[in-house]
2 protein chains.
Amino acid sequence: MQGSRKRLEVPVDIVFLFYDGMTALDAIGPWEVLSRVPGANVQAASPHGGAVTTDTGLAFGGCVPIADIARADVLLVPGGSDVRPLLEDPRLLDWVRGIDATTTWTASVCTGALVLGAAGLLKARRATTHWAVLESLRKYGATPLTRRFVEDGKLLTASGVSAGIDMALALAAKLADPLTAQGLQLAIEYDPDPPFDAGAPAKATVEILVRARALLAEPAKKGRGYRTPA
Amino acid sequence: MQGSRKRLEVPVDIVFLFYDGMTALDAIGPWEVLSRVPGANVQAASPHGGAVTTDTGLAFGGCVPIADIARADVLLVPGGSDVRPLLEDPRLLDWVRGIDATTTWTASVCTGALVLGAAGLLKARRATTHWAVLESLRKYGATPLTRRFVEDGKLLTASGVSAGIDMALALAAKLADPLTAQGLQLAIEYDPDPPFDAGAPAKATVEILVRARALLAEPAKKGRGYRTPA
């Protein structure tokens, strides 16, 4: 047992990109799973280090500046209500490309896929993202799929916000083993039982879809902007 | 439409208790849902204000000191790997009791229920918490139930970590209406599809249960302690 346990604990450097306007749950779902993988060394990195504010007003502190991180075994880019500033930041996109060149797995949640796309990492790939922006993956040369998450080579892309939890459990099974992934699922008691069944466009009425779009637009009114990339 | 929309936007003050050693997802699942309820004013409050560090090493900044908060429509207490310091903090428990006296809903996720229990708020209540500590609810006079979340009067308690998302959607339906709750579910694309089905003890093998307990104990080795309350 001790021997097999030791073998699992190969150090794994997992870097999360944090930024102003990110969606907290996109990152924290996977963080809660991946940070508990034996041997995992998780770090939050942000464009300038220090603190970032999410699109719902939460503040994360203690981020490492991206300039201080040169490699990772896993890179995870969460989405946010407005990722346009990232898509237009050549320095950030260079960093994403550079880290991707060192990773075993490069992952995104929600609109984080658009950042990977802008960095040129979705060319000729199958990928997914939040349903509201799914078709915009095409302009990065990707084939958009309506799936909870998509694996294509070393690229893992999850659909909207909460989908990062499902993707992270699958990734935990790769980084460690399926038993550990199931242990993690039980540790975070991830036995979902939503009170409604409207979590995907195919399951929602038009009325729910209209309400969801209005709610997604809400942070913009508070100056934290949800703007669907064109 | 505009008229009916306005009626939904009654201001709702929602206070989350943040503290050192909290489990990030316990709070962020509900935060992602509740902060998007029209009219919601969400605040993170901590015992001394400022920053707190989670049991997986994340830093949250910008917390309001609990002394500065005298009331709330909703109080939510997330769990953490080691809540014992909170259970032995009379000033904190006084504050929890005082806020509860002003709320429409008092809620917990995971071991946050133990904090409500220590504050005397679980007496003769049906409640739930993380499976690993479920029986410990009895010492606070509660009847423990194996449910995703339990509603008893104005008390809402969710089971482990990820269960706060399900509870928060049910609470959003109460604070706003079911259509808004379903819109929120779609906005965060909460259509869970875990790659494994081991999220509850009843669904897990003994081997998975043993692994889960070992993984829950892991933060302790990093000095962030998971210690099951006796």
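Cut-offs used in this document
- Residues numbered from 1 in each chain as written.
- Chains lettered and ligands numbered in written order.
- Predicted model: local features only at pLDDT ≥ 70, side-chain atom pairs only at ≥ 80, totals over all residues.
- Core = buried A, V, L, I, M, F, W, Y, C linked by C-beta atoms within 7 Å.
- Buried ≥ 20, exposed ≤ 12 C-beta atoms within 10 Å, placed from the backbone.
- Contact = placed C-beta atoms within 7 Å.
- pLDDT = per-residue confidence, 0-100.
- Least-squares fit on C-alpha atoms with pLDDT ≥ 70 in both.
- Pairing = 2+ DSSP bridges.
- Helix = DSSP H or I, 4+ residues; strand = E, 2+ residues; numbered from the N terminus.
- Nonpolar A, V, L, I, M, F, W, Y, C, P; charged D, E, K, R; others polar.
- Axes fitted to C-alpha atoms, helices over the stretch in contact; angles between N-to-C directions.
- Left-handed = near helix turned anticlockwise from the far one by under 90°.

**Section: the nonpolar core**
Part 1: Residues Phe18 and Ala172 of chain A together with Phe18 and Ala172 of chain B are the most contacted members of the largest nonpolar core, which totals 162 residues.
Part 2: Contact partners of Phe18 of chain B, with chain neighbours within four places excluded, come to Ala27, Ala44, Ala45, Ser46, Val52, Phe60 and Cys63 of chain B.

**A word on the confidence of the model for chain A**
Residues and elements named next belong to chain A.
Part 1: Summing up the model confidence of chain A, the mean pLDDT is 92 and the portion of residues at 70 or higher is 91%.
Part 2: Scored below 50 in pLDDT, residues 225–230 shows 23 contacts in the model against residues more than four places distant or in partner chains.
Part 3: Taken together, the chains of this predicted complex give a pTM of 0.93 and an interface ipTM of 0.93.

**Comments concerning the relation of the copies chain B and chain A**
Part 1: For the pair chain B and chain A, the relating rotation is 180°, the translation along its axis is 0.0 Å, and the fit reaches an RMSD of 0.0 Å. Expressed as an axis order, the relation between the two copies is that of a two-fold axis. When C-alpha distances to the rotation axis are compared across chain B, the minimum falls at Phe60 of chain B, with a value of 2.3 Å.
Part 2: A share of 97% of interface residues in chain B that are also interface residues in chain A marks the association as one of identical surfaces.

**Observations concerning the pairing of strand β4 (residues 59–65) of chain B**
Part 1: Across 3 bridges, strand β4 (residues 59–65) of chain A lies against β4 of chain B in antiparallel orientation. Bridged to Phe60 of chain A within β4 of chain B is Phe60 of chain B.
Part 2: Across 2 bridges, the pairing between strand β2 (residues 40–46) of chain B and β4 of chain B is parallel. By the bridge assignment for β4 of chain B, Ala45 of chain B is matched with Val64 of chain B.
Part 3: Hairpin connection from strand β3 (residues 50–53) of chain B to β4 of chain B: 5 residues lie between these consecutive antiparallel strands, with Gly57 of chain B at a positive phi of about 85°.

**Structural notes on the environment of Phe149 of chain B**
Residue and element names in this part refer to chain B.
Part 1: Of note, Phe149 is situated in strand β9 (residues 149–152).
Part 2: When the C-alpha atoms of Phe149 and Val109 are compared, they prove to be 8.6 Å apart, with 40 residues separating the residues in sequence.
Part 3: Discounting chain neighbours no more than four positions away, the residues touching Phe149 are Thr128, Leu156, Thr157, Ala158, Ser159, Ala163, Asp166, Met167 and Ala170.

**Some remarks on the pairing of strand β6 (residues 105–109) of chain B**
All names here are of chain B.
Part 1: Of all the 5 residues making up β6, 5 are buried; the element is thus mostly covered by neighbouring parts of the structure.
Part 2: Covered by surrounding structure in β6 are Trp105, Ala107 and Val109 together with Thr106 and Ser108, the residues of both alternating faces.
Part 3: Sheet topology note: the strand β5 (residues 74–77)/β6 ladder contains 4 bridges and is parallel. For Leu75, the partnering residue across the bridge sits in β6 and is Thr106.
Part 4: The pairing of β6 with strand β10 (residues 155–158) spans 4 bridges and is classified as parallel. Bridge pairing in β10 links Ala107 to Leu156.

**So, the interface of chain B and chain A**
Part 1: With 63 residues of chain B in contact, the opposing surface of chain A contributes 61 residues.
Part 2: Where the side of chain B that touches chain A is concerned, the elements lending two or more residues are α2 (24–34), β2, β4, α6 (163–175), α7 (178–187) and α8 (206–221) of chain B.
Part 3: Considering every element that reaches the side of chain B that touches chain A, the biggest residue donor is α7 of chain B, with 9 residues.
Part 4: Partitioned by chemical class, the residues of the side of chain B that touches chain A number 37 nonpolar, 15 polar and 11 charged.

**Structural notes on the packing of α6 of chain B against α7 of chain B**
Residue and element names in this part refer to chain B.
Part 1: At a minimum axis separation of 7 Å, α6 and α7 run at an interaxial angle of 145°. You can see that α6 and α7 cross each other, and the crossing is right-handed. For the pair α6 and α7, contact is made by Leu169, Ala172 and Ala173 and by Pro178, Thr180, Ala181, Leu184 and Gln185, respectively.
Part 2: Along the lines of polarity and charge, the residues of the contact of α6 with α7 split into 6 nonpolar, 2 polar and no charged.

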